[in-house]
Amino acid sequence: MDNTRPENTKLENQVIIFLGAPGAGKGTQAARLATEHNLLQISTGDILRDHIARGTELGQRVEPIMKQGHLVPDDVLVSMIGEKLQTLEPVRVIFDGFPRTLAQAEALDQMLLQNGTPLNSVLLLEVPTEELIARIVNRGISSERSDDNETTARARQQVYHDLTQPVVEHYRKQGLVQALEGRGSTNEVYARILEAVQTPA
Ligand code: AP5
Ligand code: MG
């Protein structure tokens, strides 16, 4: 242990963002990295699905939006993440599914700035569209996700292209994006992720 370090827990802060189109493997990989590296996975999709399962007011509001593959309004997501970040000390998180619009990315930049928390890595998982559709349709055979069907999967890809691709560009301009091959076995993809996290852009 490095005893010369001041006792400032902010030094332990770590923020990683997983970007990638629906089906790219964000959730799969973020869960493993979080477990193995003592980070908290914040999956906005999982949080919203939990609201739907519990029948909360928010769940009832977002259910039809998610079923169509559209995005939930920015203000909902930004306040959700803002409240969550306030509860964390140190902030050691992997964002999976957030930010998804330029407005969300700018809001997150502000929140991290105010908190004195740097953004360490933005990992972009790249997988061709047809493989993404196949993965989602395949999962749809057994999953209970209302958006795991071909029509909605295609709508989600379009939404990603229109609204989330600008987020990739936003972080690219900051020199933070590491684009990774998202095909191959989950172990192979994870190995690429580990290497990227150890050598930030
Ligand atoms: P969200 O839950 O975030 O879903 P998504 O990103 O659209 O798609 P997935 O979760 O399916 O993909 P993933 O990249 O996590 O891949 P996964 O590991 O699951 O969002 C759902 C909805 O919530 C949105 O449409 C929106 O309505 C709303 N929402 C959420 N966040 C929001 C935000 N910030 N703003 C506004 N609205 C928001 O893998 C997919 C499949 O592939 C799995 O079956 C997996 O087993 C398989 N797989 C994984 N890796 C591999 C591999 N290497 N090879 C083969 N198969 C693999
Ligand atoms: Mg996911």
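Our structure's up above, just so we're on the same page.
Position numbers for residues count from 1 along each chain, tracking the sequence in the order it is written. Chains carry letters from A onward and ligands carry numbers from 1 onward, assigned in written order. The predicted nature of this model means local features are confined to residues of pLDDT at least 70 and side-chain atom pairs, given and counted, to a pLDDT of 80 or more, with totals for whole chains, interfaces and linings taken over all residues. Excluding hydrogens and water, the side-chain values take into account all heavy atoms of the structure.

## As for the site of ligand 1
Lining the immediate surroundings of ligand 1 are 31 residues, of which Lys26, Thr28, Thr44, His70 and Arg139 lie closest. Two N or O atoms count as a polar contact when they lie within 3.5 Å, although within protein this holds only if one can serve as hydrogen donor and the other as acceptor, and sequence-adjacent residues are included solely when both atoms are side-chain atoms. With respect to ligand 1, the backbone of Ala24 contributes an N or O atom lying 3.2 Å from an oxygen atom. Here an oxygen atom of ligand 1 and a side-chain polar atom of Arg145 are 3.1 Å apart. Exposure was quantified through the Shrake-Rupley algorithm and a 1.4 Å probe, taking into account, for residues, occlusion by the shown protein chains and nothing else. Computed on the free molecule, ligand 1 has an accessible area of 1000 Å², of which 87% lies beneath the protein chains in the complex. Counting from the N terminus, the helices are the DSSP runs of H or I reaching at least four residues and the strands are the DSSP runs of E reaching at least two. For the shell around ligand 1, the secondary-structure elements that each account for two or more residues are helix H1 (26-36), helix H2 (44-54), helix H6 (129-140) and helix H8 (186-198). The biggest single contributor to the shell around ligand 1 is H2, with 4 residues. Here the residues of the shell around ligand 1 are counted per class, giving 10 nonpolar, 13 polar and 8 charged. Note on definitions. A residue lies near a molecule or strand when any single heavy atom of the residue is within 4 Å of it. In the scheme used here, Gly and all other residues not listed as nonpolar or charged are polar, with Ala, Val, Leu, Ile, Met, Phe, Trp, Tyr, Cys and Pro taken as nonpolar and Asp, Glu, Lys and Arg as charged.

## Points about helix H5 (residues 102-115)
Under the 1.5 Å per step criterion, the end-to-end length of H5 is 20 Å for 14 residues, consistent within 8% with the ideal 20 Å. Relative accessibility decides the category of a residue: with a 1.4 Å probe and only protein chains considered, values under 20% of the type maximum give buried, values over 50% give exposed, and everything between is partly exposed. Along H5, the residues that are buried comprise Gln104, Ala105, Ala107, Leu108, Met111 and Leu112. Angularly, the buried residues of H5 cover 165° about the axis, an arc narrow enough to put them on a single face. For H5, the exposed residues lying more than 90 degrees away from the buried face are Leu113 and Gln114. Each residue after the first adds 1.5 Å to the expected span of a helix. The directions considered for the arc run from the helix axis to the C-beta atoms.

## Some points on helix H4 (residues 74-86)
For H4, with 13 residues, the first-to-last C-alpha span of 18 Å sits near the 18 Å given by 1.5 Å per residue. For H4, the set of buried residues is Val76, Leu77, Met80, Ile81, Gly82 and Leu85.

## Section: the packing of H6 against helix H7 (residues 150-173)
Running from N to C, H6 and H7 point in directions that differ by 140°, and their axes come no closer than 9 Å. Classified by the interaxial angle, the pair formed by H6 and H7 is oblique. As H6 packs across H7, the resulting crossing turns out to be right-handed. Listed contacts from H7 to Thr129, Glu130, Leu132, Ile133, Ile136, Val137 and Arg139 of H6 are Glu150, Ala153, Arg154, Arg156 and Gln157. Residue classes in the contact of H6 with H7 are distributed as 5 nonpolar, 2 polar and 5 charged. Helix axes use the C-alpha atoms of the stretch in contact, all axes being lines fitted to C-alpha atoms, and the angles between their N-to-C directions lie in the range 0 to 180 degrees. For classification purposes, an angle smaller than 35 degrees is called roughly parallel, one larger than 145 roughly antiparallel, one from 65 to 115 roughly perpendicular, and anything else oblique. Note: crossing handedness is left-handed where the near helix turns anticlockwise from the far helix by less than a right angle, and right-handed where it turns clockwise. In what follows, residue pairs with any heavy atoms lying within 4.5 Å of each other are defined as contacts.

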